[in-house]
Amino acid sequence: MSRALQPDEELVELDAEAVRTWCARAFDALGREREEIDAINVYPVADGDTGTNLYLTAEAAHQAVEAVFAASGPDTAETVRAMAHGALLGARGNSGTILSQLLRGMATVLADGRDGEHLARAFAEAARAARQAVAHPVEGTILTVASAAAEACAAGGTLVEVARGAYEGAATALAATSGQLDVLERAGVVDAGGRGLVTVLGALLETVTGQTPDHPGTAPLPPAAPREKCAGEDGPAYEVIYLLEADDAAVALLRSRLDALGESLVVVGGDGLWNVHVHVDDAGAAVEAGVEAGRPHRIRITHFASDATPAPGHGTARGAEADSRYGADDGYGTDHGYGTDDGYAYACGTADDDARGERAARAIVAVVPGEGLAGLCAEAGATTVRARPGEPPAEDELVEALRRAHAREVVLLPNDTDLRETAAAAAERVRAEGVRVALVPTRAAVQGIAALAVHEPGRRFDEDVVAMTAAAGATRYAELAVAEHRSFTSAGVCQAGDVLGLIEGDVAVIGQDLTETARTVLDRMLSAGGELVTLVVADDAPPGLAAALERHVRRAHLAVDTTTYHAGAEAPPLLIGVE
């Protein structure tokens, strides 16, 4: 896999195989040095994981490059793009996210040329792109080291001259970082992120020269170096990271919103796919901002406090991410926030409260079609609001249900795209009464079922809501309905009486038979993957519909499980969920 140079041989071009070798060597080097880098991690948060985060980011880049080589014989452009894209998808932590943007900046230039001049321009573009991605650039960090590398080789030259100049410039700048930030000077260390970048540049120099560079000169770490307080003591309590599908205009607004919420904001990527990293106290609000900007997924939320007790369903405090089953899937945050202070005053102080007794800690309110689903949700402990055909619940009905839940914290599941504004208004009215309300923007009843299934009252409110919204976001949904009149649809012209298969709200299939149309819809949904199918069948659906679909899934999709619920009367003939 690695390209070995002969004695005295030097590369003149950074071809695809050289990029592959660089990527593999950077991954290996960060693996060897990650403990050392972790040990000097005191900025921006002294959580001792910068080396690990850089290593995991490099691992993702390495795997992406190996994947394109396994599939074909890629050229340099394909290889550097794969490296950058892999790093974007797998970026971890503040420094890992910045490293992914550095690689993306380099890829935009190296895709057009492979010689020393292009490499010098690539370093310059990388440094520029990384600074642009950080809301408030700070000197004495990985950004400083990246800029120094670019400046040191700005004059160009051969591939080796540029690579050596960048490495030496970066190493010199790294040694100076301890005098640029008070926190580094007090700890007697250099910047951990910059140290990792020097390792990556050292791997590049070794690739083009065949010689291992000297270990970068770093200030020695005292045996008992004083550590700065971690976030959570005098800084934000959570690190929030997610991938986001959104356009440039939406991301610009997202940057402003997240900048007001927290610190260490880094937004990297482009062309519709972004990696968002921020440190905040209100994790829910950070995820909500992503929802309003586009479609977030692979949501990871980490609590910084090393001595915190893990919430039920989570691992260590450092690894207290949203439920891992959903954290790596297509989750999308909450709507309208959850409040920013765990010490929020919840008591309403009304006479009605006195009559009904103390409020419960937490409750769920769900809008459901059909009496069967209402019973199912009620058994799970939810307060339900019935949605009848053509009669969505009004704002006052939702307000009454939120009050009836009689809890200090309430999660509202509207289960209908058209109810979002109504639900948001109802939630705002009840918040004004001292109740903490989170609106999870579920768009269908099957998403509400998925959210309710992972609800855990014992964990922190923000963590519970994020897990529920991630579960809902990982559930694709469909509905079968009967056309009432002739109409033009996204799947063509339908006639009155035709069966319509709607996937994610759009007509995707027009058929004559409910069962056959349902099979077609299921096959289309499962062609994109899935592990669990949920069927919600109404009373007026054809007899044997659920059994026929269950048999079809068993025969055509062997690894997929099926669960069936009965919606009762006044519900759509069939609702489908795929997780």
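In this text the structure is predicted, and so the values were computed from the model without any measurement.

Caption draft 1: How the structure looks around the pairing of strand β9 (residues 476-482). One ladder, built from five bridges, connects β9 with strand β16 (residues 574-578); its direction is antiparallel. Note on β16: the bridge partner recorded for Y477 is G577.

Caption draft 2: A look at the packing of aromatic side chains. Under the criterion given, the structure shown has one aromatic pair. Ring plane angle 20° and centroid distance 5.0 Å describe the contact between F27 and Y55, whose orientation is recorded as stacked. Here the residue F27 occupies a position in helix α1 (residues 16-39), and Y55 occupies one in helix α2 (residues 50-71), the gap between them amounting to 28 residues. Y55 matches F27 in its accessibility class, with the two residues each being buried. In this arrangement the basic side chain of R34 is found over the ring face of Y55, its NZ or CZ atom lying 4.3 Å from the centre.

Caption draft 3: Expanded view of the pattern of salt bridges. On inspection of all chains with the given rule, the structure shows 24 salt bridges. Between R295 and E245 there is a salt bridge, with the nearest N and O atoms lying 3.1 Å from each other. Here R295, found in strand β4 (residues 295-303), pairs with E245, found in strand β1 (residues 238-245); they are 50 residues apart in sequence, far enough to count as distant. A residue is classified by how much of its surface remains accessible, and R295, at 35% relative accessible area, is partly exposed. Residue E245 is classed as partly exposed on the basis of its relative accessible area of 36%. For R443, the salt bridge identified is with E504, shortest N-O distance 3.7 Å. On the criterion of sequence distance, the pair formed by R443 in the loop between β8 (436-439) and α17 (445-453) and E504 in the loop between β12 (499-503) and β13 (506-511) is long-range, its members being 61 residues apart. Classification of E504 as partly exposed rests on a relative accessible area of 31%. Salt bridges sharing partners connect three or more residues here, namely R362, E409, R436, E456, R459, D462 and D464.

How each quantity is defined
- Residues numbered from 1 in each chain as written.
- Predicted model: local features only at pLDDT ≥ 70, side-chain atom pairs only at ≥ 80, totals over all residues.
- Heavy atoms only, no water.
- Pairing = 2+ DSSP bridges.
- Helix = DSSP H or I, 4+ residues; strand = E, 2+ residues; numbered from the N terminus.
- Phe/Tyr/Trp six-rings, centres within 6.5 Å; stacked < 30°, edge-to-face > 60°.
- Buried < 20%, exposed > 50% of the residue type's maximum accessible area, 1.4 Å probe, protein only.
- Lys NZ or Arg CZ within 6 Å of the ring centre and 35° of its normal.
- Salt bridge = Lys/Arg side-chain N within 4 Å of Asp/Glu carboxyl O.

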